[in-house]
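Close look at the chain arrangement
Here's the letter readout for the chains.
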Protein chains: 2
Amino acid sequence: MLAETYKNMLGAKSVIREMFAYGSKRGAEIGYENVFDYSLGNPSVPAPPEFTREMIRLLQEESPVTLHGYSPSLGIDSVREAVADSLRRRFGLPYEKQHIFMASGAAGALAHAFRAVTVPGDTILTFAPCFPEYHPYVELTGAKLKVVPADLEAFQVNLEKTEELLTSDVTAVLINTPNNPSGTVYSTKTLKALAELLNRKQREFGHPIYLISDEPYREIVFAGVDAPYVASCYDNTITCYSFSKSVSLPGERIGYVAVSPRCEGASLIADMCGQISRGIGHNCPPSIIQLAVCAVLDITSDLSVYERNAEILYQELKELGFSVVKPGGTFYMFPKALEADSNAFCRKAMEEDLLLVPGDTFGCPGYFRISYCIDTEKVLRSLEAFRRVAARY
Amino acid sequence: MLAETYKNMLGAKSVIREMFAYGSKRGAEIGYENVFDYSLGNPSVPAPPEFTREMIRLLQEESPVTLHGYSPSLGIDSVREAVADSLRRRFGLPYEKQHIFMASGAAGALAHAFRAVTVPGDTILTFAPCFPEYHPYVELTGAKLKVVPADLEAFQVNLEKTEELLTSDVTAVLINTPNNPSGTVYSTKTLKALAELLNRKQREFGHPIYLISDEPYREIVFAGVDAPYVASCYDNTITCYSFSKSVSLPGERIGYVAVSPRCEGASLIADMCGQISRGIGHNCPPSIIQLAVCAVLDITSDLSVYERNAEILYQELKELGFSVVKPGGTFYMFPKALEADSNAFCRKAMEEDLLLVPGDTFGCPGYFRISYCIDTEKVLRSLEAFRRVAARY
């Protein structure tokens, strides 16, 4: 019989989908260049030419039988070595090949990390505002997701509420910094305080609490922002990385799990990920993509457009009277809507050809997300639409 | 805490791994060309040049932002259309885009198919000899795998035993034809009889029984062999395909789920696979690989070497007195060992530099698998080693 769990997930209303449909329809009417789509997190800058060149070189020079052959289930050895080496050089932790598991993007990495350190019935704690997909990602493993209410002042961590919700059934804490949707970066102060709390609770509960750090935006940090490497702040950290945003390869589904060498069970967790793959049909990212990302481990796409766009939008929104926390990275910001119901606010914005995502799905009603991974020229043209929306209040 | 299920899976003894280690050590001593490794199922013929050309064309001509952009979660629309079109033309069933879900190889396809039509506690029935990974694939979904004993005469289906084991808790039946490890192809007679039994039991139980057809070897069928398309024989069929073997792309992890248009719930199952992906971190095969396989939907690598090797080995083994069912396709055959303990037999073969896999892991003790996806020249040189093994009995 068809599995009810998945059947019932079909047809769920999605504001983003509704907007996408509206944008397509409206674009056909007034021209796509006149619809200001701030709803999607699809990078707008090209992948580094080094990636393209390496792909072509592999295809032209390597034997197809070897090139397209099976990868070991934890990833190609040389690729795992190269990732460990890059992390070691850049962040100073003694990563080795054995700590790296190659995964299909951050979603693939998280699917393995959750299963490695929690069992059905456990609780994973995360922080609002957060990526809405965390709910199905976690809940379909059989674990529960508990969300700490947002720190609305700075979108850092509400420590008091965290301590309150950090009960002994919590075996993992999931963070995302730089953050989708707020664009803020957890500071050294925030991470140290969180680490102190987790260390204290580990001792109190007598079991490890793993920190699963979802870091697809790690390389998108704006000038002068304090952006510590999470695993340097807390030993039991499992880093989930994706190359989707930093080198603009979202469709190629490539990332990794990096288990901190200081982590409890550090020598086992990557190997366990290989076993988890057998149950979820993962079987490694494609061989050629694994090999080609080695050419871009230490570089990024030209990400300057995101910071430029952030600056322009932040200034304009402040002038229009929006309450907004200045983003420290990513290509998102998360201002407060001009009315309590952010769905109503976003519908009004839509009428001005401005596609914004209400904060409700991120666990933070009353706010909205702007994804400014679009051309600066379009950002500038959109300001008039923001002014029209503001004028309605 | 580390999840015991996966932790306990580590360090399980694997005869294949043991052999791989032996082969590497022995190869270093006497030269790799003198170790006859028949243990691995890694295609030995190159991918069609059409695939390489299309990959390079995409990289040179398409905008990187579009090319490497996110794929919709069911796969790129044009790719799903092209797959449906190819199946419709070649097999005569009215497949449409809505029936196709792009997956990361057959393992990814099976992970979705199992979850779409069974729930934890259900039983999936399959047939010995079978791919040993079916056990973790199924059991880690929470379902149970029940294995029908082999038809040792012909490696078709033991119908009497199947009827006996086909109890009402069975909601899916998993078949693999052409078969790994036997190399046999289920005949029209076999599939019709199986379909008749399943149809009768569906009525008796009052619930559908889905036939999940694992078909990575579908295109590797030898001359004159009766190889019906499974979904043409039984309506409730979900086909899981991989491009790994037919176009020699095992490392690129690309395949699909094709839901028979005649299937109960045909319009829902691919959509449900999109939801299942959210729970298991799947998120589509890479965009560029999806686009490039469209160039090879109707072609294969030059697979003639497999049939040539099969013929040579079959003749030699018969002459040496082995009992062996002639393979109808794949690059495997599954002869009876010369002693009851096929592990002991394979260890003796290893002493003659012949790496063979004991049948125990395939649910068929007393037999052994030969994977003859190696050069014909090497097959010919290996015959002397087979003779030496036979001479020990």
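Cut-offs used in this document
- Residues numbered from 1 in each chain as written.
- Chains lettered and ligands numbered in written order.
- Predicted model: local features only at pLDDT ≥ 70, side-chain atom pairs only at ≥ 80, totals over all residues.
- Heavy atoms only, no water.
- Helix = DSSP H or I, 4+ residues; strand = E, 2+ residues; numbered from the N terminus.
- Rg over C-alpha atoms; globule rule 2.2 N^0.38 Å.
- Buried < 20%, exposed > 50% of the residue type's maximum accessible area, 1.4 Å probe, protein only.
- Contact = heavy atoms within 4.5 Å.
- Areas by Shrake-Rupley, 256 points an atom, 1.4 Å probe, with all protein chains shown as cover.
- Lys, Arg positive; Asp, Glu negative; His and termini not counted.
- Charge placed at Lys NZ, Arg CZ, Asp CG, Glu CD.
- Core = buried A, V, L, I, M, F, W, Y, C linked by side-chain atoms within 4.5 Å.
- Least-squares fit on C-alpha atoms with pLDDT ≥ 70 in both.
- Buried area = accessible area lost by both parts, 1.4 Å probe.
- Salt bridge = Lys/Arg side-chain N within 4 Å of Asp/Glu carboxyl O.
- Polar contact = N/O pair within 3.5 Å; in protein donor to acceptor, adjacent residues only side chain to side chain.
- Nonpolar A, V, L, I, M, F, W, Y, C, P; charged D, E, K, R; others polar.
- Pairing = 2+ DSSP bridges.
- Axes fitted to C-alpha atoms, helices over the stretch in contact; angles between N-to-C directions.
- Parallel < 35°, antiparallel > 145°, perpendicular 65-115°, else oblique.
- Left-handed = near helix turned anticlockwise from the far one by under 90°.
- Phe/Tyr/Trp six-rings, centres within 6.5 Å; stacked < 30°, edge-to-face > 60°.

- Chain A carries the name Aminotransferase in an unreviewed UniProt entry, which gives Candidatus Egerieimonas intestinavium as its organism.

**Some remarks on the overall build of chain A**
- The helix and strand inventory of chain A stands at 15 helices and 12 strands.
- Compactness check: chain A gives a C-alpha radius of gyration of 21 Å against a globular reference of 21 Å for 393 residues, within 12% of the reference.
- Along the first, second and third principal axes, the C-alpha set of chain A runs to 60 × 60 × 55 Å.
- Across the 393 residues of chain A, 60% fall into the buried class.
- In chain A, 75% of the contacts between residues at least 6 apart in sequence involve partners at least 24 apart.
- A total of about 14000 Å² of accessible surface is found on chain A, and carbon and sulfur atoms cover 52% of it.
- Computed over 38 positive and 47 negative side-chain charges, the inter-centroid distance for chain A is 2 Å.

**Re the nonpolar core**
- Counting residues in each nonpolar core, the largest one holds 76 residues, and the members touching the most others are Val117(A), Ile212(A), Ile269(A), Val117(B), Ile212(B) and Ile269(B).
- Sequence-distant contacts of Ile212(B), defined by excluding residues within four places in its chain, comprise Leu110(B), Ala113(B), Phe114(B), Val117(B), Ala172(B), Val173(B), Leu174(B), Ile175(B), Ile238(B) and Cys240(B).
- Membership of the second largest hydrophobic core comes to 62 residues, among which are Val79(A), Ile100(A), Phe51(B) and Leu58(B).

**A look at the relation of the copies chain A and chain B**
- Mapping chain A onto chain B calls for a rotation angle of 180° and an axial translation of 0.0 Å; the resulting RMSD is 0.0 Å. Here the symmetry operator amounts to a two-fold rotation axis.
- Both copies share a contact surface, since 100% of the interface residues of chain A are interface residues in chain B too.

**Looking at the interface of chain A and chain B**
- Residue-level contacts link 70 residues of chain A with 70 residues of chain B.
- For the chain A face of the interface with chain B, the top three residues by lost area are Met1(A), Tyr70(A) and Arg278(A), together amounting to 13%.
- Where chain A packs against chain B, one counts two salt bridges.
- Linking Glu133(B) and Arg278(A) is a salt bridge whose minimum nitrogen-to-oxygen distance equals 2.7 Å.
- At the surface where chain A touches chain B, the tally comes to 18 residue pairs in polar contact (both at pLDDT 80 or more).
- Residue assignment for the side of chain A that touches chain B shows that the elements contributing at least two residues are α1 (4-9), α3 (49-61), α4 (64-67), α6 (105-117), α7 (134-139), α11 (266-280) and α12 (287-293) of chain A.
- Residues that form the side of chain A that touches chain B fall into these classes: 40 nonpolar, 21 polar and nine charged.

**A look at the sheet that holds strand β9 (residues 332-333) of chain B**
Residue and element names in this part refer to chain B.
- Sheet architecture is open: three strands sit in the order β9-β12-β11, paired in antiparallel fashion. The sheet is open, and its two edges are formed by β9 and β11 (357-358), each paired on a single side.
- Pairing between β11 and strand β12 (residues 368-371): two bridges, direction antiparallel. By the bridge assignment, Val-357 is partnered in β12 with Arg-369.

**Section: the sheet that holds strand β9 (residues 332-333) of chain A**
- Ordered by their spatial adjacency, three strands build an open sheet running β9-β12-β11 (chain A), and the pairing between neighbours is antiparallel. The open sheet has two free edges, formed respectively by β9 and β11 (357-358) of chain A, since each of these has just one partner strand.

**Some remarks on the packing of helix α13 (residues 304-319) of chain B against helix α15 (residues 376-391) of chain B**
Residue and element names in this part refer to chain B.
- Close contact between α13 and α15 brings their axes to 10 Å; oriented N to C, the two are set at 15°. Regarding the angle of α13 to α15, the classification is roughly parallel. The hand of the α13/α15 crossing is right-handed. In this structure, α13 contributes Val-305, Arg-308, Asn-309, Ile-312, Leu-313, Glu-316 and Leu-317 to the contact, and α15 contributes Thr-376, Val-379, Leu-380, Leu-383, Phe-386 and Arg-387.
- The residue inventory of the contact of α13 with α15, partitioned by class, reads eight nonpolar, two polar and three charged.

**Let's talk about the packing of aromatic side chains**
- Inspection of the entire model under this criterion finds 38 aromatic pairs over all chains.
- Between Tyr38(B) and Phe386(B), the ring centres sit 5.7 Å apart and the planes meet at 50°, which makes this aromatic pair tilted. A residue pair is termed long-range when its members are at least 10 positions apart, and Tyr38(B) in the loop between β1 (36-37) and α3 (49-61) and Phe386(B) in helix α15 qualify at 348 residues. Taken as a pair, Tyr38(B) and Phe386(B) share a single burial class, namely buried.
- Relative to Tyr229(B), the ring of Phe91(B) lies with its centre 4.0 Å away and its plane at 5°, an arrangement referred to as stacked. Of the two residues, Phe91(B) sits in helix α5 (residues 77-91) while Tyr229(B) sits in the loop between β6 (210-214) and α10 (230-233), which places them 138 residues apart along the sequence.
- A connected cluster of aromatic rings, assembled from ring pairs, spans Phe155(A), Phe334(A), Phe362(A) and Tyr367(A).

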